[in-house]
Amino acid sequence: MQHYNMNLTLKVWRQRSNKVKGHFESFQVKNISSEMSFLEMFDVLNEQLVAEGKDPIAFDHDCREGICGMCSMYINGRAHGPWTQNTTCQLHMREYKDGDTIVVEPWRAESFPVIRDLVVDRSAFDRIIGAGGYVSVNTGNAVDANSLPIEKQKADEAFAAASCIGCGACVAACPNASAMLFVSAKIAHLALLPQGEPERKNRAVNMIQQMDTEGFGSCTNIGACEAECPKGISLENIARLNREYVGAIFSGSNNG
Amino acid sequence: MALDSKIPAGKMDEKWGKYKSTCKLVNPANKRQLEIIVVGTGLAGASAAASLGEMGYKVKAFCFQDSPRRAHSIAAQGGINAAKNYQNDGDSTYRLFYDTIKGGDYRAREGNVHRLAEVSTNIIDQCVAQGVPFAREYGGLLSNRSFGGTQVQRTFYAAGQTGQQLLIGAYQALERQVALGNVTMYARHEMLDVVKIDGKARGIIARNLVNGELERHFGHAVLLCTGGYGNVFYLSTNAMGSNVTAAWKAHRKGAFFGNPCFTQIHPTCIPVSGDHQSKLTLMSESLRNDGRIWVPKKQGDNRKPGDIPEEERDYYLERRYPAFGNLVPRDVASRAAKERCDAGYGVGSSKMAVYLDFAAAIERYGKIEANKQGKSNLDKDSVIALGKDVVKEKYGNLFDMYAKITGENPYEVPMRIYPAVHYTMGGLWVDYELMTTVPNLYALGEANFSDHGANRLGASALMQGLADGYFVIPYTLGNNLADDIRTKSIPTDHPAFIAAEKEVSDRINKLMSIKGKESVESFHKRLGKIMWDKCGMGRNAEGLKQAIKEIQQLRKDFWSNVRIPGEVNEFNPELDKAGRVADFLELGELMCIDALDREESCGGHFREEYQTEEGEALRDDEKFMYVSAWEFKGDSQYELHKEELKYEIVHPSARSYK
């Protein structure tokens, strides 16, 4: 693979806190290697800003290997940028060429208030999980793991749903800022497994109730969430969520 | 101070059972009055916080990330060991215990390791009950694979995302307790000091990273589950935020640091591509189940890998270690890669890489698949296509990650890999109950030193984190707190809290007042280079002495010339990082002091002066069969305490994988 260097213009959202209004600010970065990751390009920019005595751009990131779900940039109108099934930290600069302009914004959703610049508060997701995204089994009560055989196909499907990293790209991509893909992935993961069966109905009802309380929008079957999901979480999960929810309501969950 | 490991008396396989049956208990009404602080929400922290919340303790959990689910356990790829013997291949608690002791090059404590092996099976049961979707066979039972340093298949896995699935399981259990009100979660908070009252840990000072405010939190006990310190090397497979700060503050407050120089360099990582590199990415050890490692037999061979015929390739691990082949432990595999590259046989543009090749596995799996489908006369391309599908199912996410980072297709060309810092066996010294030398201060998971000796076996970190959190601390904490039930919550206007907060605040203000010219990042890089060059895969007395001087100088430079933008009372990641790098600058020196003191080679600690003629690590059991536990005595002053290691069951011998 041929490596090259490039100069870029970046238009980045700046917002000192959620109490003040934000704006775009333009920056020039030079000699960016095509081998860098997108976040390493931001590291270069931030080093430059520190050297100039300016405030670096705040952005969330941690593992930089596409699994922690912390990075969250909206790049040229796409959550996590142009590559499919990819997180921002795994986007590499060989995608861009010399002279390009790149616009970078935070996730935009009322339920994800901006903390600073590109950093948003996604704690709503934790509260949705707390509303029912678990199996109520206390430590020390488990039976032998192989006493409960699970059909491989079901286990694989459950794994596929469980591979959600909770980054919030689905919400950011959705014009309604709906969290249905995130919620459905957890509901599907646990509904597909026998361990999730006893709490299946309450789980669906309670998680959806919490999702609404947090102020996420409704699903209108646009499909942007699936297209932008870095882990390829399928829309089929939303169909399953709807079945679970309707089933729970009509057959009577404790709360429904 | 004499170190007491508090290993229970009795036969090795009865110690833990006896401990559990006879330890003191806290009744439910009293548990509700006892407050526990858990710092860190990775596998150890999340499992501990959830379990203690379930038991009725009042728990406060802290993490610096935006959600407990982000903790770096999430990135563990390959798997988790457990002595289930589901494969009927001769595994047992004893074998897991033995493999771990041997893998650690006889520098771990037998009692702790045996307990770890005993509870390993409970972990799998617990995780399956939570709905962790482990890989399964067609019959519906759990699947296993092999990892380095073992000859059985005892590793449970969920594709290349085992850490993620286990952490999500623990995180869900934790969020359930948060919703029930048993655990209060403080995300985007960083612990900046331990508060000690009457010699016991009774709380922490934490900084709210969103608004920069300092907070005082009381706890009857404090649990540090804050992971390892591999980022002292700047480049490592750790997450960007992984740091030693919590453990280091505890060390400065009296917790001894155990074996700080024991660092694990993982053999299979994507090589460094340039100065811009911010972190290194691991390619799971599970890949060595099927990948073959090789370099050209000719020095400086610039041909493409596909153009180098079979007989001109040196599968050096298979050549040197026929019994374990590509599945030798990590320390051995890493040194062997370095040896080949240093000798001029490296590949790629930097020549600091070796090949990890899947061509043979793809063909082998393709043939098996063709036979399964009854297509014995399939042409080679079709066989290869079938084989690629099998490999994709096993390692697909890892291959994708490799392709994204390097721009190369690992299904077609061999991966290029090189060793990188991955894990730290060293950590806070703890006794059998996981308590540090500060009463009521505990360390769990990678943050402690206890179970892996001088080298950790693959798929054992997840095991240890969950063992400590789910199955050990719920017993050992109660045994101690049973004597503390009359201690009322101490108000945080106690002078000890005020003094600790002032100390933290003064340090932050001092950092901000320097207003120098060099960025935090730049200091961190300079420290990393010293550590990697002189306290990395190979170490010698001269280099370590130089490193100590260089680090002391670098620390001076840092405290006179670091530039931190922004304000204290706002979201300021540069300030957060400055505090962490300041602590790494102290830890790095201690690591070099420890490495200098240990005049032998063992596990990941390779002192170039101490090796066999064949270049293998040369241990010195006469002089160094002890845990080095360092006491902080003031800046650059550390006193060594030794915990002698006594082997009752396993007889230490030269560690051979040949």
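Residues numbered from 1 in each chain as written. Chains lettered and ligands numbered in written order. Predicted model: local features only at pLDDT ≥ 70, side-chain atom pairs only at ≥ 80, totals over all residues.

## Points about the overall build of chain A
In step 1: The number of helices and strands found in chain A is 8 helices and 7 strands.
In step 2: Along the three orthogonal principal directions, the C-alpha set of chain A runs to about 60 × 45 × 35 Å.
In step 3: Within chain A, the fraction of its 256 residues that count as buried is 53%.
In step 4: Long-range pairs, those at least 24 residues apart, make up 71% of the contacts in chain A between residues at least 6 apart in sequence. (Helix = DSSP H or I, 4+ residues; strand = E, 2+ residues; numbered from the N terminus. Buried ≥ 20, exposed ≤ 12 C-beta atoms within 10 Å, placed from the backbone. Contact = placed C-beta atoms within 7 Å.)

## Notes on the interface of chain A and chain B
In step 1: The interface of chain A with chain B comprises 67 residues on the first partner and 65 residues on the second.
In step 2: Contributions of two or more residues to the side of chain A that touches chain B are made by α1 (38-51), β6 (114-116), α2 (123-130), α3 (152-162) and α5 (180-191) of chain A.
In step 3: Its residues placed into classes, the side of chain A that touches chain B shows 30 nonpolar, 20 polar and 17 charged. (Nonpolar A, V, L, I, M, F, W, Y, C, P; charged D, E, K, R; others polar.)

## Quick word on α3(A)
In step 1: What α3(A) keeps buried is the set Ala155(A), Glu157(A), Ala158(A), Phe159(A), Ala160(A), Ala161(A) and Ala162(A).
In step 2: Each element contacted by the buried residues of α3(A) is listed here: α5 and α8 (236-251) of chain A together with α6 (162-180) of chain B.

## Thoughts on the environment of Lys338(B)
In step 1: Inspection of the secondary structure puts Lys338(B) in helix α9 (residues 330-342).
In step 2: The residues contacting Lys338(B), other than those within four sequence positions of it, are Pro419(B) and Met537(B).

## Observations regarding the sheet that holds strand β4 (residues 78-79) of chain A
All names here are of chain A.
In step 1: Taken in spatial order, the 5 strands line up as β2-β1-β5-β3-β4 in an open sheet, and their pairing is mixed. Each having just a single partner strand, β2 (23-33) and β4 make up the two edges of the open sheet.
In step 2: Where strand β3 (residues 74-75) lies against strand β5 (residues 101-105), 2 bridges are found, and the strand directions are antiparallel. Counterpart to Ile75 in the pairing with β5 is Val104.
In step 3: Across the sheet, α1 lies against β1 (5-14) and β2, angled at about 105° from β2, the strand it touches most. (Pairing = 2+ DSSP bridges. Axes fitted to C-alpha atoms, helices over the stretch in contact; angles between N-to-C directions.)

## Considering the domain arrangement of chain A
All names here are of chain A.
In step 1: Domain annotation of chain A identifies domain 1 (5-116) and domain 2 (123-251).
In step 2: Here domain 1 and domain 2 have C-alpha centroids that lie 29 Å from each other.
In step 3: Its residues placed into classes, the side of domain 1 that touches domain 2 shows 7 nonpolar, 8 polar and 3 charged. (Domains from an automatic or database assignment.)

## Focus on the nonpolar core
All names here are of chain B.
In step 1: Membership of the largest hydrophobic core comes to 283 residues, with the highest contact counts inside it found for Leu223, Leu224, Val354 and Leu428.
In step 2: When residues of this core are assigned to their parent elements, the largest contribution, 13 residues, is made by helix α16 (residues 573-597).
In step 3: The contacts of Leu428, once residues within four sequence positions are left out, are Leu224, Ala247, Ala250, His251, Ala255, Phe257, Gly258, Thr436, Ala443, Ala447, Asn448 and Phe449. (Core = buried A, V, L, I, M, F, W, Y, C linked by C-beta atoms within 7 Å.)

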